[in-house]
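The lines below spell out each chain.
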Amino acid sequence: MLSGMLALKRLLLVLSIALGAAFLAAQTKVWTAQELFQRNVGSKEDQETAFPPHKIIGNIYYVGTRSLASFLVVTPEGNILIDSMYERTVPVIRKSVADLGFRFADTKIVLGSHAHADHMEGDAMIKELTGAKVMAMAEDVPALEKMMPGNKPHPIDRVLHDGDEVKLGGATLVAHLTPGHTRGCTTWSMKVQDGGRTYDVVIIGSMGVNAGTRLVNNPQVPDIADEYKRGFKVLRGLACDVPLGSHPAMYNLAEKYPKLGKGANPFIDPAGYKTEVDIEERAFLDVLREQTDAQQQKDAAAKK
Ligand SMILES: [Zn+2]
């Protein structure tokens, strides 16, 4: 009997060690830049299908698709939209805003995460439909000016600089230049009140390294690697209780959403913010090392 108990104890010990190891392995999964890209963008269907619109925290709501985020900040003086997504997915945003009981026509300001079509192509259409003012980071303006769906010029009503504040109806969003992915990639921070407490919200612009990006000897952006490093430094300096991002996979929306309304707000996740920044930085550094090694080999071969 005693030896049976001992055997059981031993088995439990072995099991708990195995579980702990599996947990650690899951925590430290190393993502390649390409895997992160795929995780973020999903399939065409993911990009175009509405994710159930919902309140995230305070006055911030989700009105995006399964793989492209769009956030609505609701104020008594009208609303701020962050990321217009593709022009073809603007109707998804419009419907999600209406489904939440808000008026799309109350959209006063459109902000963006970065000058890629999946995040900011819809700016002109939203301005056309609502009269909203479009604001963009100075370093992204050249890229945005080339983004002209249906040949419409990209509207830019206010050019933003690092640290600028956008205010409406008591809400203040701060624009943080987190370059690399694009030159003007912007991470937004704001404070929200919820249940008598104040929370720091951070919407990560993007720190991904897309396939074909040259981090070494890049003639268009010679300092691109340093720009990425600056971006990571800025992200690490931000206080964050509620991490969000330009793709919902950056903050595990699919996993958190079912927990909404069942106890603590699942979007309060400061540890998740750090993990995401770690994951993205590791992937960036791996690509940088690969490309640096390849360049050194090339240089050495050229000297022979
Ligand atoms: Zn992008």
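Overview of the structure. (Residues numbered from 1 in each chain as written. Predicted model: local features only at pLDDT ≥ 70, side-chain atom pairs only at ≥ 80, totals over all residues.)

**Quick notes on the nonpolar core**
Counting 60 residues, the largest nonpolar core has Phe-71, Ile-80, Leu-111, Val-201, Ile-203 and Leu-244 as the members making the most contacts within it. Here this core takes 5 residues from strand β11 (residues 197-204), the largest share from any one element. Apart from the residues within four sequence positions on either side, Ile-203 is in contact with Phe-71, Ile-82, Ser-113, Thr-187, Trp-188, Leu-244 and Gly-245. The next biggest cluster of nonpolar side chains, apart from the first, holds 11 residues, and it includes Leu-36, Met-207, Ala-225 and Tyr-228. (Core = buried A, V, L, I, M, F, W, Y, C linked by C-beta atoms within 7 Å. Buried ≥ 20, exposed ≤ 12 C-beta atoms within 10 Å, placed from the backbone. Helix = DSSP H or I, 4+ residues; strand = E, 2+ residues; numbered from the N terminus. Contact = placed C-beta atoms within 7 Å.)

**Some words on the packing of helix α8 (residues 224-237) against helix α10 (residues 270-303)**
At a minimum axis distance of 11 Å, the contact between α8 and α10 shows a crossing angle of 165 degrees. Viewed along their axes, α8 and α10 adopt a mutual orientation that is roughly antiparallel. α8 and α10 meet at a crossing whose hand is left-handed. Counting all contacts with α8, which are made through Ala-225, Tyr-228, Phe-232, Leu-235 and Arg-236, the residues of α10 involved are Val-277, Glu-281, Phe-284 and Leu-288. (Axes fitted to C-alpha atoms, helices over the stretch in contact; angles between N-to-C directions. Parallel < 35°, antiparallel > 145°, perpendicular 65-115°, else oblique. Left-handed = near helix turned anticlockwise from the far one by under 90°.)

**Description of helix α2 (residues 33-41)**
Listed in full, the buried residues belonging to α2 are Ala-33, Leu-36 and Asn-40. The arc that holds every buried residue of α2, seen down its axis, measures 60 degrees, which confines them to one face. For α2, the secondary structure elements touched by its buried residues are α10. (Arc of directions from axis to C-beta.)

**Re the sheet that holds strand β6 (residues 133-137)**
Ordered by their spatial adjacency, 7 strands build an open sheet running β1-β2-β3-β4-β5-β6-β7, and the pairing between neighbours is mixed. Here the strands that pair on one side only, and so sit at the sheet edges, are β1 (54-57) and β7 (158-160). Along the sheet, successive strands turn relative to each other by an average axial angle of 25 degrees, direction set aside. Relative to strand β5 (residues 107-111), strand β4 (residues 78-82) is paired through 4 bridges, and the arrangement is parallel. Across the sheet, the residue bridging to Ile-82 is Leu-111, located in β5. Strands β4, β5 and β6 of the sheet are contacted by helix α6 (residues 123-130), whose axis makes an angle of about 170 degrees with β5. (Pairing = 2+ DSSP bridges.)

**Quick notes on the pairing of strand β8 (residues 165-168)**
Across 4 bridges, β8 lies against strand β9 (residues 171-177) in antiparallel orientation. In the strand pairing of β9, Val-166 is matched with Leu-173. Linkage of β8 to β9, two consecutive antiparallel strands, is achieved through a turn of 2 residues, within which Gly-169 is found at a positive phi near 50 degrees.

**Topic: the sheet that holds strand β12 (residues 242-245)**
Strand-to-strand pairing in sheets goes through backbone hydrogen bonds, with the strands running parallel or antiparallel. Spatially, 5 strands are ordered β8-β9-β10-β11-β12 in an open sheet, and the strand pairing comes out mixed. Looking at which strands have only one partner, the edges of the open sheet turn out to be β8 and β12. Geometrically, the sheet is characterised by an average inter-axis angle of 25 degrees between neighbouring strands, direction not taken into account.

**Observations regarding α8**
Helical periodicity: at 3.6 residues per turn, an α-helix aligns residues three or four positions apart in one direction. Taking 1.5 Å as the rise per residue, α8 with 14 residues should run 20 Å; its terminal C-alpha atoms sit 20 Å apart, in good agreement. When we look at burial in α8, the residues that qualify are Ile-224, Ala-225, Glu-227, Tyr-228, Gly-231 and Leu-235. Seen from one end, α8 has its buried residues packed into an arc of 160 degrees, which puts them on one side. Structural note: α8 exposes Lys-233 and Gly-237 on the side pointing more than 90 degrees away from its buried face. (Expected span 1.5 Å × (residues − 1).)

**Things to note about unusual backbone geometry**
Even without glycine at this site, Met-85 takes up a positive phi of about 60 degrees. Relative to the helices and strands, Met-85 is located in the loop between β4 and α4 (90-99).

**A look at the pairing of strand β10 (residues 186-194)**
Alignment of β9 against β10, held across 5 bridges, turns out to be antiparallel. Following the sheet pairing, Leu-177 is matched in β10 by Thr-186. Note: β10 against β11, 7 bridges, orientation antiparallel. What sits directly across from Lys-191, in β11, is Asp-200. A loop of 2 residues connects β10 with β11, the two strands running antiparallel in sequence, and Gly-195 in this loop sits at a positive phi of about 55 degrees.

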